[in-house]
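The lines below spell out each chain.
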Amino acid sequence: MRAVLPFLLLLLSFNSWAQTGIIKGRVADGNTNEPIPFANVIIQGTTIGASSDLDGNYEITGVKPDLYNVEVSYLGYKSQVIYEVQVFNNKPAQVDFKLEEDSKTLEVVVVKANPFEKKEESPVSVRTIGVNEIERNPGGNRDISKALQSLPGVASSVAFRNDLIIRGGAPNENRFYLDGIEIPNINHFATQGSSGGPNGLINVNFIREVEFFSGAFPANRGNTLSSVLNFKFKDPRQDRIGGNFTLGSSDAGITIEGPIAPGHSFMFSYRRSYLQFLFQLIGLPFLPTYDDFQLKYKAKINDRNEITVIGLGAIDQFKLNLDDDLDEDQKRLVEILPVNNQWNYALGVNWKNYREKGYSELVVSRNMLNNRAFKYADNIEADTNLILDYTSQEIENKLRFENNWRDKGWKINYGVLYEFARYNNSTFSKITLPDGSTGTIDFSSAVDIHKWGAFGQVSRSFVSGRLLLSLGARVDGNSYSTQMAKTYETFSPRFSISYAINDQFNLNANVGRYFQLPPYTTLGFRNNSGTLVNRDNGLKYIASNHAVLGGEFITQTGLKVSVEGFFKYWENYPFLVRDSISLANLGADFGVIGNDEVRSDNEGRAYGVELLVQQKLWKNFYGILAYTWVRSEFQDFKGDFIPSSWDAQHLISFTGGYKFKRNWEIGLRWRFTGGSPYTPADEETSALIPVWDLNRAAIRDFSQLNGDRLKPAHFLDLRVDKKWFFKKWALNLYLDVQNVYAFRAQQPPSYVLRKDANGNALIDPNDASRYQLDQIENTTGTVLPSFGIIIEI
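Predicted, not measured: the structure shown is a model, and the values here were computed from it.

Draft legend 1. Spotlight on the overall build of the chain. When helices and strands are counted, the chain shows nine helices and 45 strands. A compact globule built from 793 residues would reach a C-alpha radius of gyration of about 28 Å, and the chain, at 27 Å, matches this within 12%. In terms of overall dimensions, the chain has a C-alpha envelope of 90 × 65 × 45 Å along the principal axes. The buried share of the chain, reckoned over its 793 residues, is 56%. A separation threshold of at least 6 residues defines the contact pool for the chain, and within that pool the share at least 24 residues apart is 67%. Of the roughly 32,800 Å² of accessible surface on the chain, a fraction of 57% belongs to carbon and sulfur atoms. Computing the positive centroid from 83 side-chain charges and the negative centroid from 89, the chain places the two 7 Å apart.

Have a look at this one:
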């Protein structure tokens with residue numbers, strides 16, 4: 001880095017010529033993909049623009065490199081704005097528009113563009129995030145999960161993980177789609193049975209925008225209780241081969257894209273982390289390494305048919321730093337942490353066929369996760385020291401067909417799906433039992449599951465487009481058990497309504513019932529006798545009932561003010577028999593959750609209010625202010641509702657920035673989270689010699705589930721960008737500083753052995769069966785500056 005920086009500064013000291021860029025693309029009917037000729041495409045705030053030709057293509061030349069909002073309008077169609085289009089000298093900015101017919105066609109008007117797109121089936125609880133909002137997010141390290149933490153209803157973890165905690169729901173309640181192809185996970189070192197992890201897996205270079213649903217899920221998106229993320233990838237460039245090199249705070253990556261043949265193009269990326277070198281240099285006791293690969297292939301066969309291929313893969317390796325110079329805290333972590341290695345991939349094909357009044361999609365995909373973890377006492381690999389030996393695989397093969405039809409104000413979507421899943425698990429684990437004794441879980445499991453489902457949704461606009469109504473339903477079933485094969489028991493209706501009081505004020509509402517399959521770790525768990533005990537216990541789909549009511553005020557300058565109230569009620573949540581805790585309280589830590597005996601009889605509820613004030617890029621300023629008041633409660637072993645692990649109560653986030661002259665940009669993000677509940681330690685049981693020797697840490701007292709609460713936490717992140725644009729390449733340098741004022745967030749206290757001067761553990765003088773333990777304060781948080789380089793060619 002020291003050698004590269006002077007060279008770059010010397011190169012940049014030369015003045016770049018006054019080069020200009022190009023904005024080009026295609027305007028088409030979003031329902032039939034037919035070209036729309038003579039549409040007006042303009043750069044907002046200027047008189048620069050162009051008209052589409054007979055094939056729907058347009059090209060705007062002579063554009064100075066910068067960020068622009070591009071708007072298209074055509075008689076009888078809803079106008080559309082694409083925000084923050086980045087123009088380069090060295091490659092054209094590809095901006096394609098898919099326009100929707102408007103119910104006001106007969107009035108012969110050009111409908112004004114709504115800066116915030118509204119979907120008929122989901123008029124509430126939906127946000128759209130553009131790629132530039134992700135890239136420049138302060139403290140986000142170009143990670144979509146961190147960018148989402150700026151939105152209302154999304155809780156952030158003080159442990160600097162990527163867990164998505166949406167409206168009081170657990171991190172395992174989220175689903176992800178890449179160009180319509182479902183993938184199980186978007187993070188490296190993922191928690192199996194959940195969805196979080198420390199680093200994002202999706203390369204932001206592929207992303208055009210992300211639709212984030214925190215409620216009002218459309219019927220064609222199932223198996224979710226808290227959120228759906230639809231990633232819309234940009235199409236690879238068609239003019240020539242190009243690429244991108246990125247050097248960030250944790251990894252380096254390269255992206256290559258370009259045409260293969262007329263109508264055929266590709267995009268491929270590879271990233272490699274270098275965290276292990278940094279962690280070893282500063283003496284951390286664990287050394288993570290990850291690689292990831294990403295692919296998009298797009299084939300435009302003709303105006304009626306197109307095929308998209310998506311590939312995603314990751315290799316995550318985690319080993320311990322066993323150097324002799326570790327301090328006591330580092331040694332304590334090394335004693336606790338297991339070695340964990342994962343690899344996963346997803347590969348899918350989406351064939352889209354357009355017709356006169358709609359289009360159909362056929363999606364075929366396969367994904368697989370392989371997870372391996374082991375731990376030896378004192379990290380000495382001997383059979384007698386084995387504490388944990390865990391290997392599992394999750395394999396899914398999916399087929400989904402859906403049809404979309406739109407005519408005369410009606411919009412209809414329906415389809416069917418089939419999946420075949422295979423789950424393998426080999427577990428050996430020494431555990432602490434509730435009575436303070438120790439035991440062993442030892443089993444192997446292999447489970448095949450056939451899944452099926454059907455869905456449909458009808459939407460219609462009335463009153464000249466001011467009233468939108470949508471009614472949908474879905475059913476799902478599978479072959480795991482007789483109980484889960486009862487498809488009618490998962491009937492999940494949903495209804496949305498939206499009314500525009502005028503061009504700026506809208507009232508929106510949704511009610512729905514949603515279902516989700518428990519994690520494979522729970523489905524495949526066997527007791528030591530080899531019985532699928534959870535199947536015998538009548539394991540069910542988890543159900544959640546939602547109700548949302550909100551209002552919004554929107555201006556043509558990109559300002560949005562919205563307020564939403566929500567209520568959620570969960571049924572049939574798995575309840576861990578051994579620990580007497582709902583699975584809903586787990587998922588925001590490393591490892592595996594749900595690999596235990598459960599009962600499907602736990603219930604929960606969450607309710608709250610969200611406020612959003614958002615300004616899209618306007619006069620060089622952008623910003624989001626979000627506030628959420630939320631309560632989240634689940635039943636304890638007595639059936640009483642108590643605060644869940646996600647009951648943060650107050651969430652505040654402000655993210656904003658300003659673009660200065662000469663391509664300088666500065667942004668900041670400030671976050672506040674109320675203190676989350678946690679379960680205190682069982683000090684007496686933890687001090688037992690066999691228990692401590694096994695766990696090397698305190699165990700939790702689940703009879704006091706979430707009985708204590710952490711103090712509130714707040715963080716400030718800062719980012720500064722500087723861009724240079726040259727004839728054949730572009731450069732972006734950035735400085736990102738997380739936790740600027742070094743706030744130390746409280747964590748649950750830790751416990752360590754009390755030792756004598758020679759380092760020997762002290763036995764309790766009043767009870768020879770117990771060690772003496774000391775409680776120590778536990779906080780996290782430090783200033784994390786990072787410098788990044790992005791080169792576009």
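Draft legend 2. Highlighting the packing of aromatic side chains. What the rule picks out here adds up to 21 aromatic pairs. Ring geometry for Trp-670 versus Phe-672: centroids 6.3 Å apart, planes at 25°, classification stacked. A relative accessible area of 22% means that Phe-672 is categorised as partly exposed. Among the aromatic residues, ring-to-ring pairing joins Trp-570, Tyr-573 and Phe-634 into one connected group.

Draft legend 3. Looking closely at a nonpolar patch on the surface. Judged by side-chain polarity, Phe-621, Leu-625, Phe-654, Tyr-658, Phe-660, Trp-664, Ile-666, Leu-668, Trp-670, Leu-718, Val-740 and Tyr-741 come together as a nonpolar surface patch covering roughly 990 Å² of accessible area. Going through the elements one at a time, strand S35 (621–635), strand S37 (649–659) and strand S38 (664–673) are the ones with two or more residues in the nonpolar patch. With four residues, the single largest contributor to the nonpolar patch is S38. Examined against the element boundaries, Phe-654 turns out to sit in strand S37. The class for Phe-654 is partly exposed, based on a relative accessible area of 32%.

Draft legend 4. Fine view of the sheet that holds strand S17 (residues 227–233). Pairing in this open sheet of five strands is mixed, and the strands run S9-S16-S17-S12-S13 from one edge to the other. The open sheet is flanked by strand S9 (126–130) and strand S13 (181–183), the only strands paired with a single partner. Strand-to-strand, the axes of this sheet are offset by a mean angle of 25°, without reference to chain direction. Sheet analysis places strand S12 (residues 174–178) next to S13, joined by three bridges and oriented antiparallel. Pairing of Phe-176 across the sheet is with Ile-183, part of S13.

Draft legend 5. Highlighting the sheet that holds strand S6 (residues 80–86). What the four strands build is an open sheet, ordered S3-S2-S5-S6; its pairing is antiparallel. Only two strands of the sheet have a single neighbouring strand rather than two, namely strand S3 (49–51) and S6. Put simply, the sheet's adjacent strands are angled 20° from each other on average, direction ignored. Looking at chain direction, strand S5 (residues 67–73) and S6 are connected through five bridges and run antiparallel. When the bridges of S6 are listed, Tyr-68 appears paired with Val-85.

Draft legend 6. Just the environment of Leu-312, in detail. Take Leu-312: it is sitting in strand S22 (residues 305–320). You can call Leu-312 buried: its relative accessible area is 6%. Once the C-alpha coordinates of Leu-312 and Phe-660 are considered, the two residues, 348 residues apart in sequence, prove to be 37 Å apart. In contact with Leu-312, not counting residues within four places along its chain, are Leu-178, Ile-183, Leu-201, Ile-202, Phe-293, Gln-294, Asn-344, Tyr-345 and Ala-346.

Draft legend 7. Summary view of unusual backbone geometry. In this model, Ser-580 sits at a positive phi of 55°, which is unusual for a non-glycine residue. As for its placement among the helices and strands, Ser-580 is situated in the loop between strand S32 (559–576) and strand S33 (581–582). For Ser-580, a relative accessible area of 25% puts it in the partly exposed group. Positive phi is not limited to glycine here, since Asn-706 has a value of about 50°. Looking at where Asn-706 falls in the secondary structure, it is placed in the loop between helix H9 (689–695) and strand S40 (708–709).

Draft legend 8. Representation of the pairing of strand S19 (residues 251–261) within the structure. Looking at chain direction, strand S18 (residues 242–247) and S19 are connected through six bridges and run antiparallel. Opposite Gly-243, over in S19, you have Ile-256 as the bridge partner. The antiparallel pairing of S18 with S19 creates a hairpin that spans three residues between the two strands. Inspection of the sheet shows S19 paired to strand S20 (residues 264–273) by 10 bridges, in the antiparallel sense. Directly across from Pro-259, in S20, lies its bridge partner Ser-265. Hairpin geometry of S19 and S20 is characterised by an intervening segment of two residues between the two adjacent antiparallel strands and by a positive phi of about 85° at Gly-263.

Draft legend 9. Examining the pattern of salt bridges more closely. Counted under the stated rule, the structure contains 54 salt bridges. With a shortest N-O distance of 3.2 Å, Lys-91 and Glu-792 are connected by a salt bridge. In this pair, Lys-91 is assigned in the loop between S6 and strand S7 (93–94) and Glu-792 in strand S45 (residues 784–792), connecting sequence segments 701 residues apart. With a closest N to O distance of 2.7 Å, Asp-448 and Arg-422 form a salt bridge.

Draft legend 10. Molecular detail of the environment of Asn-778. Along the chain, Asn-778 falls in strand S44 (residues 773–780). Between the C-alpha atoms of Asn-778 and Asn-371, which are 407 residues apart in sequence, the distance is 29 Å. Setting aside residues no more than four positions away along its own chain, Asn-778 makes contact with Ala-745, Gln-746, Gln-747, Pro-748, Pro-749 and Ser-750. Within the local environment of Asn-778, its side chain forms a polar contact with the backbone oxygen of Pro-748, the two atoms lying 3.2 Å apart.

Draft legend 11. Quick peek at empty space enclosed by the protein. Enumeration over the complete set of coordinates arrives at eight cavities of 30 Å³ or more. Its volume calculated, the largest cavity comes out at about 810 Å³. For the largest cavity, the lining is made up of 43 residues, of which Arg-175, Glu-182, Asn-223, Glu-396 and Tyr-520 are closest to its centre. Residue contributions to the lining of the largest cavity peak at five residues, all from strand S25 (residues 386–407). Per-class residue counts for the lining of the largest cavity are 16 nonpolar, 17 polar and 10 charged. If you go around the second largest cavity, you meet 18 residues; those closest to its centre are Glu-133, Arg-136, Tyr-622, Ile-624 and Thr-655. Counting residues per element, the ones that place at least two in the lining of the second largest cavity are S9, strand S34 (598–618) and S35. Here the lining of the second largest cavity gets four residues from one element, more than from any other, and that element is S34.

Draft legend 12. How the structure looks around the confidence of the model for the chain. For the chain, the average pLDDT comes to 91, and 95% of its residues sit at 70 or higher. For the stretch residues 1–17, pLDDT sits under 50, and the model shows 15 contacts to residues farther than four places along the chain or on other chains.

Draft legend 13. Inspection of the environment of Asn-302 at higher detail. Looking at the element boundaries, Asn-302 is found in strand S21 (residues 286–302). Look at Asn-302 and you get partly exposed, because its relative accessible area is 39%. With 269 residues separating them in the primary sequence, Asn-302 and Asn-33 have C-alpha atoms 10.0 Å apart. One polar contact links the side chain of Asn-302 to the main-chain amide nitrogen of Arg-304, over a distance of 2.8 Å.

Draft legend 14. Expanded view of the nonpolar core. Within the largest apolar cluster, 49 residues are counted, with the highest numbers of intra-cluster contacts made by Ile-449, Tyr-480, Met-484, Leu-523 and Tyr-573. Listing elements by their share of this core, those giving two or more residues are strand S26 (410–432), strand S27 (438–462), strand S30 (505–516), helix H6 (520–523), strand S31 (542–554), S32, S34 and S35. Top contributing element to this core by residue count: S32, with four residues. Residues in contact with Tyr-573, not counting those within four places in the same chain, are Ala-170, Asn-172, Glu-173, Ile-542, Ser-582, Leu-583, Ala-584, Arg-599, Ser-600, Asp-601, Asn-602 and Phe-634. Ala-147, Ile-181, Val-210 and Leu-312 belong to the second largest nonpolar core, which has 32 residues in total.

What counts, and at which threshold
Residues numbered from 1 in each chain as written. Predicted model: local features only at pLDDT ≥ 70, side-chain atom pairs only at ≥ 80, totals over all residues. Heavy atoms only, no water. Helix = DSSP H or I, 4+ residues; strand = E, 2+ residues; numbered from the N terminus. Rg over C-alpha atoms; globule rule 2.2 N^0.38 Å. Buried < 20%, exposed > 50% of the residue type's maximum accessible area, 1.4 Å probe, protein only. Contact = heavy atoms within 4.5 Å. Areas by Shrake-Rupley, 256 points an atom, 1.4 Å probe, with all protein chains shown as cover. Lys, Arg positive; Asp, Glu negative; His and termini not counted. Charge placed at Lys NZ, Arg CZ, Asp CG, Glu CD. Phe/Tyr/Trp six-rings, centres within 6.5 Å; stacked < 30°, edge-to-face > 60°. Patch = residues over 30% accessible without salt bridge, like charges linked within 9 Å, V, L, I, M, F, W, Y side chains within 5 Å. Salt bridge = Lys/Arg side-chain N within 4 Å of Asp/Glu carboxyl O. Pairing = 2+ DSSP bridges. Axes fitted to C-alpha atoms, helices over the stretch in contact; angles between N-to-C directions. Polar contact = N/O pair within 3.5 Å; in protein donor to acceptor, adjacent residues only side chain to side chain. 1 Å grid on protein atoms, 1.4 Å probe; cavity = no way out; pocket = protein on both sides within 12 Å on 5 of 7 lines; lining within 4 Å. Points joined across faces, edges and corners; volume = space filled by probe spheres on them. Nonpolar A, V, L, I, M, F, W, Y, C, P; charged D, E, K, R; others polar. pLDDT = per-residue confidence, 0-100. Core = buried A, V, L, I, M, F, W, Y, C linked by side-chain atoms within 4.5 Å.

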